[in-house]
Amino acid sequence: MSEFTPNTSKTSRANIIGFLPAIAFVIVLVAGFGVTIASLRDVPETAWTGITEPQQLFGGESTRRFSAQLNEHFLLSKPFSQIERAVTWTIAGDTGTAVSTGCKDWFFLSDELETFPDPNNSAIARANIVKALAKNLAGRGIQLVIAVVPDKSRIEQAHLCGLHRPASFAGRIDNWVALLKQSKINTINLEPVLAATPGERYYRTDSHWNENGANAAAAAIASYLQAEKMQAMPTVAPDKAALHSTTIARDGDLLRVSNLQGLPAILRPKPEQTQLTTIVASAAPDSGASSNTSDDLFGDTGLPTVALIGTSFSRNANFVPFLGHYLGAPVASFAKEGGNFEGSALAYLGGKTFQQSPPKVVLWEVPERMLQKPLSAAETQWLNYQKQMK
Amino acid sequence: MVFASLEFLTLFLPIFFAFYLITPQRFRNHTLLVGSWLFYAWWTPKFLLLIIALTVLAWGAAILIDKAQNERVKTRIMATTIVLNLASLVWYKYTNMVVQSLNTFFTGHDLPTIPWVNVMLPIGLSFTVLHAISYVVDVRRKTVPAQYSIISFSAYMAMFGHLIAGPIVRYKVIDKELRERVFSSEEFAAGVRRFMVGFSMKVLIADTLSPFVSIAFGLHQPSFMDAWAGCAAYTLQLYFDFAGYSAMAIGLGLMLGFRFQENFNNPYLAVSIQDFWRRWHMTLSSWLRDYLYIALGGNRGGAIRTYVNLMLTMAIGGLWHGGDNWNFLIWGIIQGSALCCDRAFTMRGYSMPNAASRTLTLLVVMLAWTVFRSSSFDAALGMLAGQIGANGFAMGDAVRLALRPSLLLIFAIGLLCVIYPASSFAKRGGLATVGWSGVWRAVWPILTFVYGVIVLAGQKAIPFLYFQF
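Residues numbered from 1 in each chain as written. Chains lettered and ligands numbered in written order. Predicted model: local features only at pLDDT ≥ 70, side-chain atom pairs only at ≥ 80, totals over all residues. Heavy atoms only, no water.

A. Highlighting helix α11 (residues 319-327) of chain A. Residue and element names in this part refer to chain A. Counting buried residues in α11 gives 7 out of 9 residues, a clear majority hidden from the surface. Taken together, the buried positions of α11 are Phe319, Val320, Phe322, Leu323, Gly324, His325 and Leu327. Gly328 sits one or two positions beyond α11 and adopts a positive phi of about 70 degrees. (Buried < 20%, exposed > 50% of the residue type's maximum accessible area, 1.4 Å probe, protein only. Helix = DSSP H or I, 4+ residues; strand = E, 2+ residues; numbered from the N terminus.)

B. Examining the interface of chain B and chain A more closely. Taken together, the 49 residues of chain B in the interface contact 52 residues of chain A. For the pair chain B and chain A, the summed buried surface comes to about 4200 Å²; carbon and sulfur atoms form 74% of the total. Here chain B is connected to chain A by 1 salt bridge. Residue B:Arg404 is joined to A:Asp94 by a salt bridge in which the shortest nitrogen-to-oxygen separation is 2.6 Å. Run the count over chain B and chain A and you get 10 residue pairs in polar contact (both at pLDDT 80 or more). (Contact = heavy atoms within 4.5 Å. Buried area = accessible area lost by both parts, 1.4 Å probe. Salt bridge = Lys/Arg side-chain N within 4 Å of Asp/Glu carboxyl O. Polar contact = N/O pair within 3.5 Å; in protein donor to acceptor, adjacent residues only side chain to side chain.)

C. Molecular detail of the pattern of salt bridges. Residues and elements named next belong to chain A. Summed over all chains, the structure comprises 27 salt bridges over all chains. A salt bridge links Asp151 to Arg165; the nearest nitrogen and oxygen atoms lie 2.9 Å apart. Here Asp151, found in the loop between β3 (143-149) and α6 (152-155), pairs with Arg165, found in the loop between α6 and α7 (172-182); they are 14 residues apart in sequence, far enough to count as distant. With relative accessibility at 16%, the residue Arg165 sits in the buried group.

D. Quick look at the packing of helix α11 (residues 282-293) of chain B against helix α12 (residues 302-321) of chain B. All names here are of chain B. One way to put it is that α11 packs onto α12 with a least axis distance of 11 Å and a crossing angle of 125 degrees. Here α12 runs oblique to α11, going by the angle between their axes. Where α11 crosses over α12, the handedness of that crossing is right-handed. Within the contact between the two elements, α11 uses Leu284, Leu288, Leu292 and Tyr293 and α12 uses Thr306, Asn309, Leu310, Thr313, Ile316, Gly317, Trp320 and His321. Among the residues making up the contact of α11 with α12, the classes are represented as 7 nonpolar, 5 polar and no charged. (Axes fitted to C-alpha atoms, helices over the stretch in contact; angles between N-to-C directions. Parallel < 35°, antiparallel > 145°, perpendicular 65-115°, else oblique. Left-handed = near helix turned anticlockwise from the far one by under 90°. Nonpolar A, V, L, I, M, F, W, Y, C, P; charged D, E, K, R; others polar.)

E. Broad picture of the side chain of B:Ser200. Residue and element names in this part refer to chain B. By the element assignment, Ser200 lies in helix α8 (residues 185-217). According to the relative accessible area criterion, Ser200 is buried, its value standing at 5%. Beyond its immediate stretch of four places on either side in the chain, Ser200 contacts Ile205, Pro445, Thr448 and Phe449.

F. Representation of the nonpolar core in the model. Judged by nonpolar contacts, the single largest core of 106 residues is most densely connected at A:Phe25, B:Phe8, B:Leu13, B:Tyr135, B:Phe160, B:Phe195 and B:Phe199. Setting aside residues no more than four positions away along its own chain, B:Phe199 makes contact with B:Phe3, B:Ala4, B:Leu9, B:Leu204, B:Met248, B:Phe449, B:Gly452, B:Val453 and B:Leu456. Counting residues in each nonpolar core, the second largest holds 43 residues, with B:Ala206, B:Ala233, B:Phe240 and B:Val399 among its members. (Core = buried A, V, L, I, M, F, W, Y, C linked by side-chain atoms within 4.5 Å.)

G. Expanded view of the packing of aromatic side chains. Residues and elements named next belong to chain B. Going through the model one piece at a time under the given rule, you end up with 62 aromatic pairs over all chains. Their ring planes at 35 degrees and their centres at 5.9 Å tell us that Phe3 and Phe39 sit as a pair that is tilted. Taken as a pair, Phe3 in the segment before α1 (6-22) and Phe39 in helix α2 (residues 28-41) lie far apart in primary sequence, 36 residues in all. Pair check on accessibility: Phe3 and Phe39 agree, each one buried. Aromatic pair Trp369 and Phe372: ring centres 5.2 Å apart, planes at 65 degrees, arrangement edge-to-face. (Phe/Tyr/Trp six-rings, centres within 6.5 Å; stacked < 30°, edge-to-face > 60°.)

H. Fine view of the environment of A:Gln231. All names here are of chain A. The residue Gln231 is located in the loop between α9 (211-227) and β5 (243-250) in this model. Note on Gln231: relative accessible area 6%, which makes it buried. Sequence spacing of Gln231 and Pro330 is 99 residues, and the spatial spacing of their C-alpha atoms is 11 Å. Dropping the residues within four chain positions of it, Gln231 is found in contact with Leu225, Gln226, Thr305, Val306, Leu327 and Ala329.

I. Fine view of the pairing of β3(A). Residue and element names in this part refer to chain A. For β3, the tally of buried residues reaches 6 of 7 residues, placing the bulk of the element in the interior. Two elements, β3 and strand β9 (residues 361-367), share 7 bridges in a ladder whose sense is parallel. Paired with Ala147 across the two strands is Glu365, which belongs to β9. (Pairing = 2+ DSSP bridges.)

J. Structural context of the packing of helix α4 (residues 77-92) of chain A against helix α17 (residues 405-419) of chain B. For the pair α4(A) and α17(B), interaxial distance at closest approach is 9 Å and the crossing angle is 80 degrees. In this view, α4(A) runs roughly perpendicular relative to α17(B), as classed from their interaxial angle. On α17(B), the residues touching A:Thr88, A:Ile91 and A:Ala92 of α4(A) are B:Pro405, B:Ser406 and B:Leu409. The residue inventory of the contact of α4(A) with α17(B), partitioned by class, reads 4 nonpolar, 2 polar and no charged.

K. Looking closely at the confidence of the model for chain A. Confidence in the prediction for chain A averages 86 pLDDT; 87% of positions are at 70 or higher. Here residues 1-9 of chain A scores under 50 on pLDDT; set against residues more than four positions off or in separate chains, the count is 14 contacts. (pLDDT = per-residue confidence, 0-100.)

L. Looking closely at the state of the cysteines. A complete count under the given rule lists 1 disulfide over all chains for this structure. Each sulfur in the disulfide pair A:Cys103 and A:Cys161 lies 1.8 Å from the other. Given an S-S torsion of about 95 degrees, the disulfide between A:Cys103 and A:Cys161 has right-handed geometry. One end of the pair, A:Cys103, is in the loop between β1 (99-101) and β2 (107-109); the other, A:Cys161, is in the loop between α6 and α7, and 58 residues separate them in sequence. For A:Cys103, a relative accessible area of 14% corresponds to the buried category. The class of A:Cys161 is exposed, set by a relative accessible area of 56%. As a non-bridged cysteine, B:Cys340 has B:Cys341 as the owner of its nearest cysteine sulfur, 6.9 Å distant. Assessed through its relative accessible area of 13%, B:Cys340 is described here as buried. Given a relative accessible area of 54%, B:Cys341 falls into the exposed group. (Disulfide = S-S within 2.5 Å.)

Have a look at this one:
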């Protein structure tokens, strides 16, 4: 305190410096008050419903709700969180909790590296969900095929640069695939395929496979479906001329997740140069019969026979067009962004489309990182439902 | 409401200061009281009634003591007030734990359990009780005059700077300022600087370490590295959280014209456990000394009695911290045992080099923090087992993943802040020796405070650790 006591001889400069924190503090308080009032105007009226009820007021619920609304609608939250990331990224190379950094310009989803309690039981429970579903679908003449997508940190381990991937993850795909195969579930492990594919198979700044990886995976799945006679071999080989590639600059989803995307170009990682392919859509599957035959009463011969469910892997890097290209037939995709293990499966299987136009094959794309996660409430409910139906 | 929150910084504080500054001098305690009650009521308004009841009890008891002619009557009034205060503390803080322990015992012996709905602990009750007891005892001891103004006394008890988590401000410390204080721009500026420093300690260091600590202390079988990394992070987190809070409280006090006592003095540089308690939560340790240890007889009853008193004081001090489980009692017993050993060691004339005694003291403190932080006795045993290497040495997957670059940086900064006062550079005068300390001392709190506000607004507020006590 004594540092700010007026000293007659050393005078005004020291005084002004001593008062700088107070000036800054008052500015922050006043400006903060203004922003808070403006932010509160953005809160929808419905959010305040019942806030003045005596029971809510007296028990502290009203103030808790008020604080929650203020924090949620605070106008500067987004730019401030971006400033924070700019500082931690610039000073320490930090990408936040959701994203981990490997070699230069290589980012990985932390979810892939996270260990969970009771991992084996979670994986077994998910295998049981799949088994029960396969049995159920088989009863309706539909085949289920599971395609397991390996983690980026597994396939691109050469770019981890010391980023730790738990040793216990080594066998998590093989073990799960073995569980399914024991029950004669059609399962494709995409790990060997992607591992054997030359070049980069995943985007550097994205959690998903790139076109190189998606292409290889699609070719392997198509080969499997054709080899197992779930899908007719196309009468003509896939036309390479149907693929037109260019190179584009691209920011991956991990830049968005880590909040680096909005930073000035000088601060953030350089955009990634990636391949973008335009694929001429496949014609309707050629089953060898004319679509005008008397069997095709409702013209449904042209409907896709493969329904794809899964996650954002299926919605990225032209995976579906690649798959359709190799199958020589369109694929109906019901995959969901952020759908987790069960999201798109529950939405599709419980929906009208499935009930009214069931496919011949349900192809379920499952990312490795979801296998050992604790079951969500929806998954537990699904599992219990399946048990009751036995 | 917590200090490090948007609602406090951008709503409560500007409005409060606006009213406070336009209030005429003689009514400022009124404004302070209303503001403090609103601050408290933000959490759970119904518990404000309890705080008011305890305030009126202490205020009335002090007046009765002051007016009573008979010494025995004075003592009885004091004793009754203490019992009632402690009763409220016991009811709200320990009943859940006692009933749960009994039910565990009953379940193990196939006996019917006690039907029980957990009692919610009113925030800041522990500190209110200590304030009330010290005031009534001081009036009885005639070390402070009774305050006849209910407004002034309520303003003392409810003052939002110290109400929730200390420091424990004894009435005699601010008696004069309660009666009359003038606004001083120099003190306001000094208070702001102190608040900024405390805010930065809390938001930038303690809150950054918080998720890592939760992960480490949540492990079932932590390795040696996991357990020590978690313990070290908690050692820093607790200090920067609580010392940060105390600095904010002291700063707010100064802004309003009150001079609270210091609560921390580089505790992790202590050369003995006794020294540690002279540097850590100083207002609590001096409270325990003056109102418990001395009341028990202190060191006036011979060696054995002194050791018993030390153990009792620290055990009760430990118990005061927590009503969730028995770990706080165990922590207090560990501290009491360490104090007894320290005393026995020094009484026999032994000594050790500073570096060794500092290291040993810090080791004991950290092992005790392990018990203090663990969620249960079993969890504490698990962490301690990890600390002796019973679960292997290598760092586990979860801890490795959690060790992000910014966490390591903050850990290093925190460590540097703790060690800096012991460095020869600091002892030689620090930045003053390079000639730019004046500017730097004013500018760095602004930078860290503004950045702290940015961080705070970009994420959720994390409550102070000492709120639970």
